[in-house]
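Report on the structure
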Amino acid sequence: MDLSQIQSALASKSYEKIADICDEFMLQFASRGIAFQAEWPYTIHLLGHIYVNDLNSARFLWKSIPQGIKESRPELVAAWKIGQCLWNRDYAGVYGAIRGFEWSPEVVGLVTAFSENCTNKMFQLLTSAYSTIAVADVAHFMGMSEDDATNYALQQGWTLDSSSQMLTVRKPKITTEQKLDPSKLQRLTQYVFHLEH
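Residues numbered from 1 in each chain as written. Predicted model: local features only at pLDDT ≥ 70, side-chain atom pairs only at ≥ 80, totals over all residues. Heavy atoms only, no water.

A tally of regular secondary structure across the protein gives 11 helices and three strands. The C-alpha atoms of the protein give 24 Å as radius of gyration, which overshoots the globular expectation for 197 residues (16 Å, by more than 25%). Of all 197 residues assigned to the protein, the portion counted as buried reaches 38%. In the protein, the proportion of contacts linking residues at least 24 apart, taken out of those at least 6 apart, comes to 57%. Entry remark: accessible area of the protein is about 12200 Å², with carbon and sulfur atoms responsible for 52%. In the protein, 17 positive and 21 negative side-chain charges are present, and the distance between their average locations comes to 6 Å. (Helix = DSSP H or I, 4+ residues; strand = E, 2+ residues; numbered from the N terminus. Rg over C-alpha atoms; globule rule 2.2 N^0.38 Å. Buried < 20%, exposed > 50% of the residue type's maximum accessible area, 1.4 Å probe, protein only. Contact = heavy atoms within 4.5 Å. Areas by Shrake-Rupley, 256 points an atom, 1.4 Å probe, with all protein chains shown as cover. Lys, Arg positive; Asp, Glu negative; His and termini not counted. Charge placed at Lys NZ, Arg CZ, Asp CG, Glu CD.)

In structure tokens form, the structure reads like this:
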């Protein structure tokens, strides 16, 4: 079984391509009748779906994995724990599942990149949803200690009220540029002129 494309994607940190590459290979092997289950990189495949937030595909992949393989690969079970926590929106559990396993060198880069993406997305969600938020809540949602969460938020420009342990969110400045297309302006002028006469 030549899985060099998967290894190349991992080496080049093209993690967003891994799930598609694995899906394509799996279909090719299955259509040719090649027995691949024993050697298949299920952990990488599952983490590839989780990385692109395709939880439905991750769930269906998990259900298709033979029970014997699930029982013999603890790293696969640990990867699925991340998927379960995401499915249940247990964001603190996601970080606990990531930190609660000693990942192999083959997947540690993928897991680290996913963790960083997850932290960034969660921070963006908190930024858009709150104007003030308790330090304990930020720590919970981001899977960090209160000190780490406070430092992270302060680095992003938030402010801390030490007496109430509340963080004030700094909303990003939204700049919108309107590009005036002369043809659209001409059509609008003609339309208004038509309505007036």
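Read on, since the account is not over.
So, on to the side chain of Thr 150. The residue Thr 150 is located in helix H10 (residues 146-155) in this model. Judged by its relative accessible area of 10%, Thr 150 is buried. At 2.7 Å, the side chain of Thr 150 forms a polar contact with the backbone oxygen of Glu 146. (Polar contact = N/O pair within 3.5 Å; in protein donor to acceptor, adjacent residues only side chain to side chain.)

All right, on to the packing of aromatic side chains then. All told, the structure shown has nine aromatic pairs when counted by the stated rule. Relative to Trp 40, the ring of Phe 36 lies with its centre 5.5 Å away and its plane at 70°, an arrangement referred to as edge-to-face. Assigned by exposure class, Phe 36 and Trp 40 land together as buried. When the centroid spacing of 5.3 Å and the interplanar angle of 10° are considered together, the rings of Trp 62 and Trp 80 count as stacked. Of this pair, Trp 62 sits in helix H4 (residues 55-64) while Trp 80 is found in helix H6 (residues 74-87), placing the two residues 18 residues apart along the sequence. For the pair shown, Trp 62 and Trp 80 are each scored as buried. Taken together, Phe 25, Phe 29, Phe 36 and Trp 40 form an aromatic cluster joined through their ring pairs. One cation-aromatic arrangement involves Arg 59 over Phe 60; the distance from NZ or CZ to the ring centre is 5.5 Å. (Phe/Tyr/Trp six-rings, centres within 6.5 Å; stacked < 30°, edge-to-face > 60°. Lys NZ or Arg CZ within 6 Å of the ring centre and 35° of its normal.)

Looking now at the packing of helix H3 (residues 42-51) against H6. Close contact between H3 and H6 brings their axes to 9 Å; oriented N to C, the two are set at 15°. Here H3 lies roughly parallel to H6, going by the angle between them. Read as a crossing pair, H3 and H6 show a hand that is left-handed. Residue-level inspection shows Tyr 42, Thr 43, Leu 46, Leu 47 and Ile 50 of H3 in contact with H6, the latter providing Glu 75, Leu 76, Ala 79, Trp 80, Ile 82, Gly 83 and Leu 86. Across the contact of H3 with H6, the residue classes break down as nine nonpolar, two polar and one charged. (Axes fitted to C-alpha atoms, helices over the stretch in contact; angles between N-to-C directions. Parallel < 35°, antiparallel > 145°, perpendicular 65-115°, else oblique. Left-handed = near helix turned anticlockwise from the far one by under 90°. Nonpolar A, V, L, I, M, F, W, Y, C, P; charged D, E, K, R; others polar.)

Turning our eyes to something else, we now look at the nonpolar core. In terms of nonpolar packing, the biggest core is built from 57 residues, with Trp 40, Tyr 42, Leu 46, Ile 82, Phe 114 and Trp 158 touching the most fellow members. The dominant element in this core, judged by the number of residues it contributes, is helix H8 (residues 105-129), at nine residues. Those residues in contact with Leu 46, other than ones at most four positions away along the chain, are Ala 58, Leu 61, Trp 62, Leu 76, Ala 79 and Trp 80. (Core = buried A, V, L, I, M, F, W, Y, C linked by side-chain atoms within 4.5 Å.)

Within the protein, residue pLDDT values average 90, and 96% of them lie at 70 or more. Mean pLDDT values for the elements of the protein range from 80 in helix H11 (residues 182-196) up to 96 in H3. (pLDDT = per-residue confidence, 0-100.)

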